[in-house]
Amino acid sequence: CSSVGERPEKGGGTVDGESGQGPGAKEGDPLCQYLHGWRVHENPHLTNAQHHKRRKKWMSLSGSQGFGEAACKGGRQDFQYSNLTGAIWWLQKARAAGEVDASYQLGHVLLKGLIAPSCIAPGETREQAAQREALGLFEEAAVAGASPFAGAQFAMYNIGVAYLFGFAGLERNPVTAAR
C-alpha cells in the first residue's frame, strides 16, 4: 500500500489510490485500510461530510479485522456523532486488541457514569466500583512499553491524581503520586 489516500481521476471523480504493489486497502490489508482512513482528509475534492463518511468506512474495515488503533479512532468518531453504543463497542474491541488509548477512554466513560461497572463487590457502591474499575483501566493504559510512548501519559497522570487524593479507595500518598 505504497500509495494511500485517494487521488483525483480523469474526469473529476476520485478513485481510492492503490499502487498495485502488494495487497492494499481494497484487498483487505488492515494497515492500508487504516492509512486510507487516516489520510482521506487530504483529498481537497471531498466535502467534510464525505471525509467523515470515508474515514468511518476505512477505519471500520481496519478495526473489524483487529487493528486496535483504527477501532479506537472509530470509537472516538462515534462519540462525535453521539453514538454511545457504537463508541463503547469500538473501544472495547480496541482494548481487546491491546490499544492502550481505548483503556484510557473506557476509564473516563466509567467515571462519567455512561456505562456501568462490570462488577460491584459486596458493600461497594456503584460509584466506588466504577472508580476501582477505572483505576484498573488507567493502570492497564499506563503500563510502560504498552504504547510507542512507553505508556499512556494521561493515564499515568490520572493514577498520580488518584494517589494524591486517595481516589478509588487508595491511601493518599503524595510520594507515589509524584512518581
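Structural data are supplied above this passage.
Calculation rules
Residues numbered from 1 in each chain as written. Predicted model: local features only at pLDDT ≥ 70, side-chain atom pairs only at ≥ 80, totals over all residues. Heavy atoms only, no water. Helix = DSSP H or I, 4+ residues; strand = E, 2+ residues; numbered from the N terminus. Expected span 1.5 Å × (residues − 1). Buried < 20%, exposed > 50% of the residue type's maximum accessible area, 1.4 Å probe, protein only. Contact = heavy atoms within 4.5 Å. Salt bridge = Lys/Arg side-chain N within 4 Å of Asp/Glu carboxyl O. Phe/Tyr/Trp six-rings, centres within 6.5 Å; stacked < 30°, edge-to-face > 60°.

**Student:** How should I be thinking about helix α7 (residues 153-165) in this particular structure?
**Tutor:** Owing to its 3.6 residues per turn, the α-helix aligns residues three or four sequence positions apart on the same side. In a regular helix each residue adds 1.5 Å, so 13 residues correspond to 18 Å; α7 covers 19 Å between its end C-alpha atoms and thus fits that length. Listing the buried residues of α7 in full gives Ala155, Asn158, Ile159, Gly160 and Ala162. The inward-facing, buried residues of α7 contact α5 (100-111), α6 (126-142) and α8 (174-178). Just beyond α7, the residue with positive phi is Gly166, at close to 75 degrees.

**Student:** Which parts of the structure should I look at to understand the pattern of salt bridges?
**Tutor:** Where charged atoms from two side chains of opposite charge come close, those side chains can pair. Under the definition given, this model contains five salt bridges. Between Glu42 and Arg39 there is a salt bridge, with its nearest N and O atoms 2.9 Å apart. Relative accessible area serves as the criterion here: at 46%, Glu42 is assigned to the partly exposed category. Its relative accessible area of 32% is what places Arg39 among the partly exposed residues. Between Arg132 and Glu124 there is a salt bridge; the shortest N-O distance is 2.8 Å. Residue class for Arg132 comes out partly exposed when judged on its relative accessible area of 37%.

**Student:** What exactly am I supposed to notice about unusual backbone geometry here?
**Tutor:** Negative phi values dominate among residues other than glycine, just as trans dominates among peptide bonds. Non-glycine residue Ser82 carries a positive phi angle of around 55 degrees. Following the sequence through the fold, Ser82 ends up in the loop between α3 (68-80) and α4 (84-96). In this structure, Ala168 is a non-glycine residue whose phi angle is positive, near 60 degrees. Take Ala168: it is sitting in the loop between α7 and α8.

**Student:** Sorry, what's going on with the environment of Ile115 here?
**Tutor:** Mapped onto the fold, Ile115 is located in the loop between α5 and α6. Separated by 27 residues in the primary sequence, Ile115 and Ile88 have C-alpha atoms spaced 8.5 Å apart. Sequence-distant contacts of Ile115, that is, excluding residues within four places in its chain, are made with Ile88, Leu106, Val109, Leu110 and Arg126.

**Student:** Sorry, what's going on with the packing of aromatic side chains here?
**Tutor:** For any pair of aromatic rings, geometry is given as the distance between the ring centres together with the angle between the planes. All told, the structure shown has five aromatic pairs when counted by the stated rule. Judged by centre distance (4.7 Å) and plane angle (85 degrees), the ring pair of Trp89 and Trp90 falls under edge-to-face. A relative accessible area of 48% means that Trp89 is categorised as partly exposed. Owing to a relative accessible area of 8%, Trp90 belongs among the buried residues under this scheme. Ring geometry for Tyr104 and Phe138: centres 5.7 Å apart, planes at 45 degrees, overall tilted. You can see Tyr104 sitting in helix α5 and its partner Phe138 sitting in helix α6, a full 34 residues away along the chain.

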